[in-house]
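What follows is each chain in one-letter form.
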Amino acid sequence: MKQLPADTVRLLSSCQVITSVVNVVKELLENSLDAGALSIDIKLENYGFDRIEIRDNGSGIKAADTDVMAVQHYTSKICSHDDLEHLATYGFRGEALGSICAVAEVAVTTKTSEDDVGTQYTLDLTGNVVSQKPSHLGQGTTVCALKLFKNLPVRRQYYANTKKCKEELKKVQDLLMAYAILKPELRLTLTHNKVVVWQKAKVSDHRMALMATLGPNAVAHLLPVHHQQPEIVIDGFFPRPGMDCSLASSSNPDKTFIFVNDRPVHQKDILKVVRQHFLAQYPADSALNRYPTMMLNITVPASTVDVNLTPDKTQILLQNKVPFSILLSFSLQTVAGDQTENTSSSSSSEDWIVNLNPGDFDLAFPQLEDYMASTGTGTTNSGTAKGLERLDSHDQGHDKGKDVEQLSAVSWSRGTALTDPSTGEPLQPVKVHLATGSSSDLGQVMAKGQSSPGKKVSNAITEKRAVLTAYDLINNRAMRTPLSPAALFEMETRASVLQEKPTARLQDISTAVQEKWKNLGEEDRKKYEDKAKKNLERYDLQTKLASDGDVREPERQRRLVSPLSRPQGQKRKVLPSNQPVLDQLFFSQPQKKRSPGPKPSQPLPFSVVTLRQRLHCLSFQSSPRPQGLRLVNRLASQSAWVVLCGRKLMLLNPFRVEEALLFKRLLENNILPAASLQNPIQLTDSILGGAEYTQALSTMEKGSPELRGMAVFSDPRLVANGFQITLTPGSSSTERHLEVTAMADCVPFLGMEDLREILTAVLHRNAKTVQECRPLKVTNYLQGEAVRLARQLPVNLAKEDVEDTLSRMQQQLEETSQACIHGQAFFHHLSDIPDTEQEYSDPYSVLC
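The sections below set out a description of the structure shown in this document. What you see as residue numbers is a count from 1 along each chain, following the sequence as written. Totals for whole chains, interfaces and linings use every residue, but because this is a predicted model, local features are given only for residues with pLDDT of at least 70 and side-chain atom pairs only at 80 or more, for both listing and counting. Side-chain metrics in this entry use all non-hydrogen atoms of the structure; hydrogen atoms and water are not considered.

## Brief notes about the overall build of the protein
Reasoning step 1: Note on conventions: DSSP H or I runs of at least 4 residues are helices, E runs of at least 2 residues are strands, and numbering of each starts at the N terminus. Secondary structure summary: the protein contains 33 helices and 24 strands in total.
Reasoning step 2: With a 1.4 Å probe rolled over the protein chains alone, any residue whose accessible area is under 20% of its type maximum counts as buried; one over 50% counts as exposed, and the rest are partly exposed. Put simply, the protein has 848 residues, and 36% of those count as buried.
Reasoning step 3: Computed by Shrake-Rupley with a 1.4 Å probe, the accessible areas treat only the displayed protein chains as cover when residues are assessed. Split by element, the accessible area of the protein, about 51,500 Å² in all, is 53% carbon and sulfur.

In structure tokens:
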């Protein structure tokens, strides 16, 4: 046997720790969180296989630790195995950064609060620092991993499929969503190929974090969960009972977030308890393969959890699994509203103990039994013994698929939640027996109850009563209006649809009834039409009887007749109906629409002649032909201003002027920020378009050379357009090297063609200013910035602001350029001010 080389051992172990892009992101993200970062930016290129960059604003890495920061098994999280009993960080093995170095090219840039300037460190395959240089980045740490799996071609080939790459990007987004929900104060941004894929801002609490991550529709049906024990705290949100299953769950567990000690985990036992309580709220098979949209953050002592099972630390072991499952089940049932039934009925204590093995209380949480005794769940030894008996029966019948009985909201609303143990039938409501005074009264009551044995009992929920008309109510004689055949069918079918689907919405029930009516046969439809016809005849007969009723008996005779002595079925006689008068009021004379009253107005003194004279005086105050622009007034409805220029009365749009002024200022003074290029671009005659372009570039203004003789071009025509070019001198003019080391990334697709456009303006148009050398892409970008800045101005400008705008327009803009970026003119001519009395009297001369 031979010992494996150190490089081989390191590569084999690293391949188990770093298996995908999401592993790299997870390890670096947890390092940032351990450093106390509140803002983390994740940037990927080519799904992370070309470049992974994670930047945070944490505490940074101390200079004394940088030499061993990526060496295997060097960590600042723990000192020995005993520290795992009080683990408070995500990482503890010291393998993450070193494993990434074994499968990628890694550079780390860091700066602490004590450092004056940041430092960028380049690491080799073993995690050792090979070079370092100053950096301009602020406090925090930036880790950049290039060419992931470059020395593992089979694994890189596995991710060559586009579908696999998109799945990997989705896993990264799901990972960030989990930490975004867990830490509301954290700001996260995910960028892929310079496009922001997902982001989350800082919020106040976990509910707002869920809303920012999943959306308001997914959070609207969630109820808070809170349960606290001396050593266990359960917080989170669980779906409201009775919600639509499609809104409260999903087909995969990507929206079921479970955290243990602030760590996202995949714990099968916890997920099983959660799904059991969720499935109990719905009928069988309706939510069988669904996962609830929920979030649970469970805090337990670190000594009772083992997180060192898998390299990604997502699988855990709980020391006290059974008692913990009981507490979790209790918390979820409290949210479902079943806590009252559980604490009041003796059977609920049996349900709590059904999953408990003998002696678990003594071995696990001693205070759990006291707590359950204080809440009424299993208070006596007999209840515990009875629960243990049910435990034996549950274990024997577990293979048969029997589940623990639970009271659900649906069974409670239907009246089938509580059953009689002897017969198995649902418990009926308590019957109230009436105390009768005599046998004759009792006989009348019995006779009244037996008079109509086949009479159908009305249901106020499933049946719709007919609408009452106005004259029915006024006449004190309530009669049902005739129903249409469809209404009769709906009244009879609604109850059957509701029995088939007890949890269906009213809209779904109405839709189902309408579908059944459309599919009804001709014979059945004719039956309902006959019923509707009979209903109409009944209504007409009752209306006629109400109109032609007999005269009520005298008052004396009515008093002599007692209620009990009146023959069965005899109706009280009423006064003659006023039906003809009511019909004439409600049907003969249609209501006239009320004509709208006159609008409130107030007369104001106004004279057109006086207005003309004042405008005439205003136009001739300084000279017979005044020059310049003068504001007259603002049009409130259009946010425009009336301006007088000589004899012309014009309409001014100040926002177009501001847009043109902003664009001119940006063209002259704006400097595009340049971002450093990972690979500098070497400039040659072929790239620039010829030797004359290279010569023109070399003659531009340069800064002071550095120690190695390298000089950076400081010509504003290059710098303002976002190009940073360096010149490295050689022994001859042919050996000089020109390189583009930085370029503006705010302008899309900025490249060497734009640099050639700048040099063309310098050579052929003798351009001296920055404004004359702007490439077309930069000009279009600055136009967009000018429009964006102009839209941020207030809608209603003050008179002083408009006067200042006009003053700057006359100073900065030429008379030929009197239009905005979009070609719209600043002024719109309204009319000319007349000079003579003849023009005053001629209205057409003013409007021409």
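Read on for the rest.
## Structural notes on the packing of aromatic side chains
Reasoning step 1: Centres within 6.5 Å make a pair out of two Phe, Tyr or Trp rings, where for Trp the six-membered ring is used; the pair is then stacked when the planes are under 30 degrees apart, edge-to-face when over 60, and tilted otherwise. According to the stated counting rule, one finds six aromatic pairs in the structure shown.
Reasoning step 2: Aromatic side chains phenylalanine 49 and tyrosine 159 sit 5.0 Å apart centroid to centroid with 40° between the ring planes, which places their arrangement in the tilted category. Of the two residues, phenylalanine 49 sits in the loop between β1 (39-45) and β2 (51-56) while tyrosine 159 sits in the loop between α4 (153-158) and α5 (162-182), which places them 110 residues apart along the sequence.
Reasoning step 3: Exposure remark for tyrosine 159: the relative accessible area of 10% places this residue in the buried category.
Reasoning step 4: Where tryptophan 517 meets tyrosine 528, the ring centres are 6.5 Å apart and the plane angle is 75°; that geometry is what we call edge-to-face. Of this pair, tryptophan 517 sits in helix α20 (residues 506-518) while tyrosine 528 is found in helix α21 (residues 522-547), placing the two residues 11 residues apart along the sequence.
Reasoning step 5: On the basis of relative accessible area, tryptophan 517 is assigned to the buried category, the value being 17%.
Reasoning step 6: Accessibility expressed as a relative area gives 13% for tyrosine 528, which makes it buried.
Reasoning step 7: Each member of the aromatic cluster is reached from another via a ring pair, and the members are Phe49, Tyr158 and Tyr159.
Reasoning step 8: When the NZ atom of lysine or the CZ atom of arginine is within 6 Å of a ring's centre and also within 35 degrees of its normal, the charge is said to sit over that ring. The ring of phenylalanine 149 carries the charged tip of arginine 155 above its face, separated from the ring centre by 5.4 Å.
Reasoning step 9: Between the NZ or CZ atom of arginine 525 and the centre of the ring of tryptophan 517, over which it lies, the distance is 4.4 Å.

## Considerations on the sheet that holds strand β20 (residues 674-683)
Reasoning step 1: Strand order in this open sheet of four strands is β20-β23-β22-β21, and the pairing throughout is antiparallel. The sheet is open, and its two edges are formed by β20 and β21 (711-712), each paired on a single side.
Reasoning step 2: Across six bridges, strand β22 (residues 723-728) lies against strand β23 (residues 737-744) in antiparallel orientation. Of the residues in β23, the one forming a bridge with glutamine 724 is alanine 742.
Reasoning step 3: Contacts were defined at the residue level, with two residues in contact if any of their heavy atoms lie within 4.5 Å. Angles here are taken between N-to-C directions and fall from 0 to 180 degrees, while the axes themselves are lines fitted to C-alpha atoms, restricted in helices to the stretch in contact. Of the strands in this sheet, β20, β22 and β23 are in contact with helix α29 (residues 752-764), which crosses β22 at around 80°. At least two bridges found by DSSP between two strands are what make those strands a pair.

## Some thoughts on the sheet that holds strand β12 (residues 256-260)
Neighbouring strands of a sheet are bound in pairs by backbone hydrogen bonds; such pairs are parallel or else antiparallel.
Reasoning step 1: Taken together, four strands build an open sheet; the order of strands is β9-β10-β14-β12 and the sheet is mixed. Every interior strand has two partners, whereas the edge strands, β9 (222-228) and β12, have only one. Sheet twist, expressed as the average angle between the axes of neighbouring strands with direction ignored, equals 10°.
Reasoning step 2: Contacts from α5 reach β12 and β14 (294-299) within the one sheet, and its direction differs from that of β12 by about 60°.

## A closer look at the side chain of glutamate 30
Reasoning step 1: Relative to the elements of secondary structure, glutamate 30 occurs in helix α2 (residues 21-34).
Reasoning step 2: Residue contacts for glutamate 30: discarding those within four places in its chain leaves Tyr90, Tyr179 and Lys313.

## Quick word on a negative patch on the surface
Reasoning step 1: Candidates for patches are residues over 30% relative accessible area with no salt bridge; among them, like charges are joined within 9 Å and nonpolar side chains (Val, Leu, Ile, Met, Phe, Trp, Tyr) within 5 Å. The salt bridge definition used is simple: a Lys or Arg side-chain nitrogen within 4 Å of an Asp or Glu carboxyl oxygen. Residues scored as positive are Lys and Arg, those scored as negative are Asp and Glu, and His as well as the terminal groups of each chain are ignored. Working definition for charges: the position is that of NZ of Lys, CZ of Arg, CG of Asp or CD of Glu. Residues Glu522, Glu523, Asp524, Glu529 and Asp530 make up a contiguous surface patch of negative charge.
Reasoning step 2: Turning to its location among the elements, glutamate 522 is positioned in helix α21.

## With respect to the packing of helix α25 (residues 654-669) against helix α30 (residues 776-791)
Reasoning step 1: Contact geometry of α25 with α30 gives a least axis separation of 9 Å together with a crossing angle of 135°. Overall, the two elements α25 and α30 adopt an arrangement that is oblique. The crossing of α25 and α30 is right-handed. Residues Glu659, Leu662, Phe663, Leu666 and Leu667 of α25 form the contact with α30, whose own contacting residues are Thr779, Leu782, Gln783, Glu785, Ala786, Val787, Leu789 and Ala790.
Reasoning step 2: In this count, Pro and Cys sit with the nonpolar residues alongside Ala, Val, Leu, Ile, Met, Phe, Trp and Tyr, while Asp, Glu, Lys and Arg are called charged and the others, Gly among them, polar. Grouping the constituent residues of the contact of α25 with α30 by class yields nine nonpolar, two polar and two charged. The scheme is simple: roughly parallel for angles under 35 degrees, roughly antiparallel for over 145, roughly perpendicular for 65 to 115, oblique for anything else. Each helix crossing is assigned a hand: it is left-handed if the near helix lies turned anticlockwise from the far helix by less than a right angle, otherwise right-handed if that turn is clockwise.

## Regarding the environment of asparagine 633
Reasoning step 1: As for its position among the elements, asparagine 633 is in strand β17 (residues 630-635).
Reasoning step 2: Separated by 11 residues in the primary sequence, asparagine 633 and leucine 644 place their C-alpha atoms 9.9 Å from one another.
Reasoning step 3: Residues within four places of asparagine 633 in sequence aside, it is in contact with Ala640, Trp641 and Val642.

## Structural notes on the nonpolar core
Reasoning step 1: Take the buried residues of types Ala, Val, Leu, Ile, Met, Phe, Trp, Tyr and Cys, join any two whose side-chain atoms come within 4.5 Å, and each joined set is a nonpolar core. Val25, Ile40, Ile42, Ile52, Leu148 and Leu188 are the most contacted members of the largest nonpolar core, which has 58 residues in total.
Reasoning step 2: Among the elements that make up this core, the one with the highest residue count is α5 (11 residues).
Reasoning step 3: Residue assignment places this core across two domains, with domain 1 (6-196) and domain 2 (202-334) each supplying three or more.
Reasoning step 4: Those residues in contact with isoleucine 52 that lie beyond four places of it in its chain are Val21, Val24, Val25, Lys43, Leu44, Val143, Cys144, Ala145 and Leu148.
Reasoning step 5: Leu666, Phe713, Ile758 and Val762 belong to the second largest nonpolar core, which has 33 residues in total. Domain extents, as shown, originate in an automatic or database domain assignment.

## Quick word on a nonpolar patch on the surface
Reasoning step 1: Residues Phe606, Val608 and Leu611 make up a contiguous nonpolar surface patch of about 310 Å² in total accessible area.
Reasoning step 2: By the secondary structure assignment, phenylalanine 606 is in the loop between α23 (579-588) and α24 (608-619).

## Brief notes about unusual backbone geometry
Residues apart from glycine generally show negative phi values, whereas peptide bonds are mostly found in trans.
Reasoning step 1: One non-glycine residue, tyrosine 47, lies in positive phi territory at about 60°.
Reasoning step 2: Take tyrosine 47: it is sitting in the loop between β1 and β2.

## Observations regarding the packing of α25 against helix α31 (residues 799-812)
Reasoning step 1: At their nearest, the axes of α25 and α31 sit 10 Å apart, and the two run at 45° to each other. Considering the angle they form, α25 stands oblique to α31. The handedness of the crossing between α25 and α31 is left-handed. Contacts between α25 and α31 pair Pro654, Val657, Glu658, Leu661 and Lys664 from the former with Thr805, Arg808, Met809 and Gln812 from the latter.
Reasoning step 2: Of the residues contributing to the contact of α25 with α31, the split by class is four nonpolar, two polar and three charged.

## What about the pairing of β2?
Regular strands place side chains that alternate from one sheet face to the opposite one.
Reasoning step 1: In terms of burial, β2 is a largely internal element, five of the six residues being buried.
Reasoning step 2: Note that β1 and β2 share six bridges and pair antiparallel. Opposite leucine 44, over in β2, you have isoleucine 52 as the bridge partner.
Reasoning step 3: Between the antiparallel neighbours β1 and β2 lie five residues, among them asparagine 46 with a positive phi of about 55°.

## What to know about the pattern of salt bridges
Reasoning step 1: Evaluation of the coordinates by the stated rule reveals 17 salt bridges.
Reasoning step 2: Residue glutamate 53 is joined to arginine 51 by a salt bridge in which the shortest nitrogen-to-oxygen separation is 2.5 Å. Here the two residues glutamate 53 and arginine 51 agree in accessibility, since each one is buried.
Reasoning step 3: Across the pair arginine 788 and glutamate 785 runs a salt bridge, and its minimum N-O distance is 2.6 Å. Pair noted here: arginine 788 and glutamate 785 are both in helix α30, with a separation of three residues, about one helical turn.
Reasoning step 4: It is possible to trace a salt-bridge network through shared partners that takes in Arg51, Glu53 and Arg55.

## Points about the environment of glutamate 492
Reasoning step 1: Its place among the elements puts glutamate 492 in helix α19 (residues 485-500).
Reasoning step 2: On the basis of relative accessibility, which here comes to 40%, the residue glutamate 492 falls in the partly exposed class.
Reasoning step 3: Considering only alpha carbons, one finds glutamate 492 and valine 513, 21 residues apart in sequence, at a separation of 9.8 Å.
Reasoning step 4: Ignoring anything within four residues of it in the chain, the contact list for glutamate 492 reads Tyr528 and Lys531.

## Some details on α2
Reasoning step 1: An expected span of 1.5 Å times one less than the residue number is assigned to each helix. In this model, α2 (14 residues) spans 20 Å end to end at C-alpha, consistent with the 20 Å of a helix rising 1.5 Å per residue.
Reasoning step 2: With respect to burial, α2 is a largely interior element, 12 of its 14 residues being buried.
Reasoning step 3: Phi turns positive one or two residues past the end of α2, at glycine 36, with a value near 80°.

## Quick look at α20
Reasoning step 1: Between its first and last C-alpha atoms α20 spans 19 Å; for 13 residues at 1.5 Å apiece the expected length is 18 Å, and the two agree.
Reasoning step 2: If you check which residues of α20 are buried, you get Ile509, Val513 and Trp517. Viewed along the axis of α20, the buried residues span an arc of 75°, placing them on a single side of the element. When the buried face of α20 is taken as reference, the exposed residues oriented beyond 90 degrees from it are Gln507 and Lys518. The directions considered for the arc run from the helix axis to the C-beta atoms.

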